[in-house]
Amino acid sequence: THQYFISKRALYLVCWKLTEEEKGINEIHHWLSNIQTRAPGSPVIIVGTHQDQLAKLKNYKEISNFLQRLIYERFVQPNTESETTSAYPPIMASLEISSKTGFNIKNLAKLIYDVAGQMKVSGTKD
């Protein structure tokens with residue numbers, strides 16, 4: 001039923017659980033493809049949740065960098081190579097958050113505000 005709620009006049013947050021690592025990233029494809037099919041060109045922010053659980057690991061920074069690189073290579077970079085017909089909607093950002101600790105929540109809120117403010121509403125001058 002999710003497809004009935006997809007609209008061109010929306011900003012999408014595609015959330016995935018960081019602790020699922022590459023498996024979680026693989027599932028992002030489904031949502032991005034669905035958004036692009038039903039609301040082409042709608043902006044997307046990819047949000048990795050449960051950062052607090054990943055941050056407990058000794059090699060957190062390496063894992064975080066690896067996951068962000070995968071997201072860039074799979075979903076952001078393909079958009080820059082083919083400007084005419086892209087498989088994915090424009091990815092505005094990818095960031096990690098934790099609702100438990102509040103990590104990056106303010107940054108996410110600011111990003112949502114900024115991206116939504118840049119969106120144009122058809123039929124208006126502003």
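Please refer to the structure placed before this passage.
This one's a predicted model, so the numbers in the text were calculated from it and none came from an experiment.

Definitions and cut-offs
- Within each chain, residue numbers correspond to sequence positions counted from 1 in written order.
- In keeping with the model being predicted, local features are shown solely for residues with a pLDDT of at least 70 and side-chain atom pairs are shown and tallied solely at 80 or more, while totals for entire chains, interfaces and linings include all residues.
- With hydrogens and water set aside, each side-chain value is computed from the structure's full complement of heavy atoms.
- The pairing test for Phe, Tyr and Trp rings, Trp by its six-membered ring, is centres within 6.5 Å, and the orientation test on the planes gives stacked under 30 degrees, edge-to-face over 60, and tilted for anything in between.
- Numbering of helices and strands starts at the N terminus; helices are DSSP runs of H or I of at least 4 residues and strands are runs of E of at least 2.
- Burial here depends on accessible area, computed with a 1.4 Å probe over protein chains only, as a share of the maximum for the residue type. Under 20% is buried, over 50% is exposed, and the range in between is partly exposed.
- Two strands form a pair only when DSSP identifies at least two bridges running between them.
- With its strands directed away from the observer, a crossover is right-handed exactly when the path from the first strand over the helix to the second travels clockwise.
- Counted as salt bridges are all cases of a side-chain nitrogen of Lys or Arg within 4 Å of a carboxyl oxygen of Asp or Glu.

Focus on the packing of aromatic side chains
Next up, step 1: For the structure on display, the rule yields 1 aromatic pair.
Next up, step 2: Taking 5.2 Å as the distance between ring centres and 85 degrees as the angle between the ring planes, the aromatic pair formed by Phe 75 and Tyr 88 counts as edge-to-face. Of this pair, Phe 75 sits in helix α3 (residues 60–81) while Tyr 88 sits in the loop between α3 and β3 (91–96), placing them 13 residues apart in sequence. As far as burial versus exposure is concerned, Phe 75 and Tyr 88 are alike and both buried.

A word on the pairing of strand β1 (residues 12–17)
Next up, step 1: Residues Tyr 12, Val 14 and Trp 16 point to one face of β1 and are all buried, whereas Leu 13, Cys 15 and Lys 17, pointing to the other face, are not buried.
Next up, step 2: The sheet contact formed by β1 and strand β2 (residues 44–49) spans 6 bridges and is parallel. By the bridge assignment, Val 14 is partnered in β2 with Ile 46.
Next up, step 3: As for the winding sense of the linkage, the β-α-β connection from β1 through helix α1 (residues 21–38) to β2 is right-handed.

A short note on the pairing of β2
Next up, step 1: Where burial is concerned, most of β2 is hidden: 6 out of the 6 residues are buried.
Next up, step 2: Burial of the side chains of β2 extends over both faces: Val 44, Ile 46 and Gly 48 are buried on one face and Ile 45, Val 47 and Thr 49 on the other.
Next up, step 3: Both β2 and β3 contribute to a ladder of 5 bridges, which runs parallel. Paired with Ile 46 across the bridge in β3 is Ser 94.

Quick word on the pattern of salt bridges
Next up, step 1: Tallied over the full model, the rule gives 3 salt bridges.
Next up, step 2: Residue Arg 74 pairs with Glu 22 through a salt bridge whose shortest N-O separation is 2.8 Å. Taken together, the residues span a long stretch of sequence, with Arg 74 in helix α3 and Glu 22 in helix α1 at a distance of 52 residues.
Next up, step 3: In this structure, the salt-bridge partner of Glu 27 is Lys 23, at a minimum N-O distance of 3.8 Å. Remark: Lys 23 and Glu 27 occur in helix α1; sequence separation between them is 4 residues, near one turn of the helix.

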